[in-house]
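Architecture and fold: a report
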Number of protein chains: 2
Amino acid sequence: MNTRFAVATHILTFLAYQGGEPATSELIAASVNTNPTFIRRLLTQLAKAGLTTSQLGAGGGALLAHPASRISLLDVYRAIDEEQQVFALHDAPNPQCPVGRNIDAVLKGRMLEAERALQAQLAQTTIADLAADIAERNKVA
Amino acid sequence: MNTRFAVATHILTFLAYQGGEPATSELIAASVNTNPTFIRRLLTQLAKAGLTTSQLGAGGGALLAHPASRISLLDVYRAIDEEQQVFALHDAPNPQCPVGRNIDAVLKGRMLEAERALQAQLAQTTIADLAADIAERNKVA
DNA sequence: TTATGTGTAACCGATATGGATACAGAAAAT
DNA sequence: ATTTTCTGTATCCATATCGGTTACACATAA
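Per an unreviewed UniProt entry, chain A goes by Rrf2 family transcriptional regulator and derives from Devosia insulae DS-56.

Quick look at the interface of chain B and chain A
Across the boundary between the two partners, chain B contributes 54 residues, which contact 54 residues of chain A. A combined buried area of about 4,500 Å² lies between chain B and chain A, and 68% of that area is made up of carbon and sulfur atoms. Looking only at chain B, the three residues that lose the most surface to chain A are H90(B), V99(B) and R110(B), adding up to 14% of its buried area. Linking chain B with chain A are 2 salt bridges, by the criterion used here. The partner of R110(B) in a salt bridge is D133(A), with the nearest N and O atoms 2.9 Å apart. On inspection of chain B and its partner chain A, the count reaches 19 residue pairs in polar contact (both at pLDDT 80 or more). Listing elements by their share of the side of chain B that touches chain A, those giving two or more residues are α1 (4-18), α2 (25-32), α4 (73-80), α5 (100-122) and α6 (127-140) of chain B. For the side of chain B that touches chain A, the leading source of residues is α5(B), giving 16 residues.

With respect to the relation of the copies chain B and chain A
Least-squares fitting of chain B to chain A yields an RMSD of 0.1 Å, with the superposition described by an axial translation of 0.0 Å and a rotation of 180°. Interpreted geometrically, this transformation is the action of a two-fold axis. When C-alpha positions in chain B are compared against the rotation axis, the closest is assigned to L118(B), at 2.5 Å. When the interface residues of chain B are mapped onto chain A, 100% of them again lie at the interface, so the same face is used by both copies.

Considerations on the protein's contact with DNA strand C
Close to DNA strand C lie 27 residues, the nearest being S25(A), R40(A), T3(B), T34(B) and T37(B). Close to the protein, within 4 Å, the atoms of DNA strand C belong to sugar or phosphate groups at a rate of 67%. For DNA strand C, a phosphate oxygen lies 2.6 Å from a polar atom in the backbone of T3(B). In this structure, T34(B) approaches DNA strand C through a side-chain N or O atom, which is 2.3 Å from a phosphate oxygen. Every element with two or more residues in the surface near DNA strand C is listed here: α3 (36-48) of chain A together with α3 (36-48) of chain B. When grouped by side-chain class, the residues that make up the surface near DNA strand C number 6 nonpolar, 16 polar and 5 charged.

With respect to the environment of A8(A)
All names here are of chain A. Note that A8 resides in helix α1 (residues 4-18). Sequence-wise, A8 and I80 are 72 residues apart; in three dimensions their C-alpha atoms are separated by 7.5 Å. In contact with A8, not counting residues within four places along its chain, are L42, L46, V76 and I80.

Cut-offs applied
- Within any chain, residue numbers begin from 1 and follow the written order of that chain's sequence.
- Key to labels: chains lettered from A, ligands numbered from 1, both in the order written.
- For a predicted model such as this one, the threshold for reporting local features is a pLDDT of at least 70, and the threshold for listing and counting side-chain atom pairs is 80 or more; totals across whole chains, interfaces and linings nevertheless cover every residue.
- As a rule here, side-chain values come from all non-hydrogen atoms in the structure, and water together with hydrogens is ignored.
- Here, two residues are considered to be in contact whenever any of their heavy atoms come within 4.5 Å of each other.
- The quantity reported as buried area is the accessible area (1.4 Å probe) lost by two parts once they are put together, taken as the sum for both.
- Any carboxyl oxygen of Asp or Glu within 4 Å of a side-chain nitrogen of Lys or Arg constitutes a salt bridge here.
- Pairs of N or O atoms within 3.5 Å make up the polar contacts considered here, provided that, within protein, one atom can donate a hydrogen while the other can accept it, and that residues adjacent in sequence are counted only when both atoms are side-chain atoms.
- By definition, any uninterrupted DSSP run of H or I lasting at least four residues is a helix, any uninterrupted run of E lasting at least two residues is a strand, and each is numbered from the N terminus.
- When the copies are superposed, the least-squares fit takes in the C-alpha atoms of residues with a pLDDT of at least 70 in both.
- Note on definitions. A residue lies near a molecule or strand when any single heavy atom of the residue is within 4 Å of it.
- Note on residue classes: Ala, Val, Leu, Ile, Met, Phe, Trp, Tyr, Cys and Pro are nonpolar, Asp, Glu, Lys and Arg are charged, and everything else, Gly too, is polar.

Have a look at this one:
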């Protein structure tokens with residue numbers, strides 16, 4: 001998979017760490033080690049999903065739209081991965097073959113079950129959990 | 001994701017349908033609607049994972065190495081997806097940032113949990129299940 | 001009115017994906 | 001023994017995706 005989910009999660013965790021202070025795309029990009037445009041593209045998706053808001057102008061930047069404890073990794077996954085499917089089917093199996101004409105329908109169901117299991121697990125973690133884990137690590141170090 | 005997992009599953013289900021008759025890469029490719037080389041590449045991986053065997057020469061082809069009821073989708077997933085991870089991390093977050101220097105370790109753990117949930121669900125389905133589903137659909141139609 | 005920062009478009013190089021051709025080698029068929 | 005069949009693998013290609021980069025209009029704060 002691409003790194004967008006990981007970066008989006010990084011962004012939200014970073015914002016949670018900011019304690020309400022807006023963060024610019026440049027600041028976030030420095031933490032992620034990428035470029036501000038990439039961050040802004042993801043922030044646009046997160047904003048559309050209602051997870052963040054943006055404050056324009058000087059002193060502005062991105063903010064969490066909800067408490068970090070109310071944003072799960074599943075929310076992030078849904079906001080970022082527009083396709084929302086881990087698995088892909090192959091195009092147009094042979095309809096004249098007993099297997100070919102049914103494999104997609106049959107396999108799709110099993111893929112959805114696996115996908116649901118993945119999503120259910122993602123729903124168990126919130127951005128606040130990650131922020132707490134990170135705070136713990138920084139305390140120890 | 002790419003379609004290799006789906007095609008590999010298609011191959012194995014096709015072989016299960018063959019009832020012990022070897023299938024050539026050309027025959028399988030016709031069912032999948034792709035080219036024989038792609039099938040052979042996947043068969044090589046499946047054979048290395050011990051899921052199939054190949055019979056060379058005239059009248060030869062691919063065969064299941066085990067009963068279809070003993071091959072799970074998790075076996076296929078492990079045979080094909082060498083990386084075996086749905087999620088990817090972004091390269092080299094900033095070690096000078098409290099979030100950047102810990103996000104990978106923290107996120108990796110949560111990703112592994114989700115991945116495990118996915119794999120556990122994949123383990124619930126066997127090639128024999130798929131073949132049975134397909135047989136049922138062909139019976140009705 | 002100026003400075004700051006977002007949102008978005010356009011372009012690029014690198015990589016992954018699957019399709020196509022080719023061919024050496026193994027085994028079956030004759 | 002020779003021919004045919006089929007695998008295993010290498011090579012090349014077109015296309016798509018990914019993330020990086022530059023650029024700029026627009027909104028807002030200073």
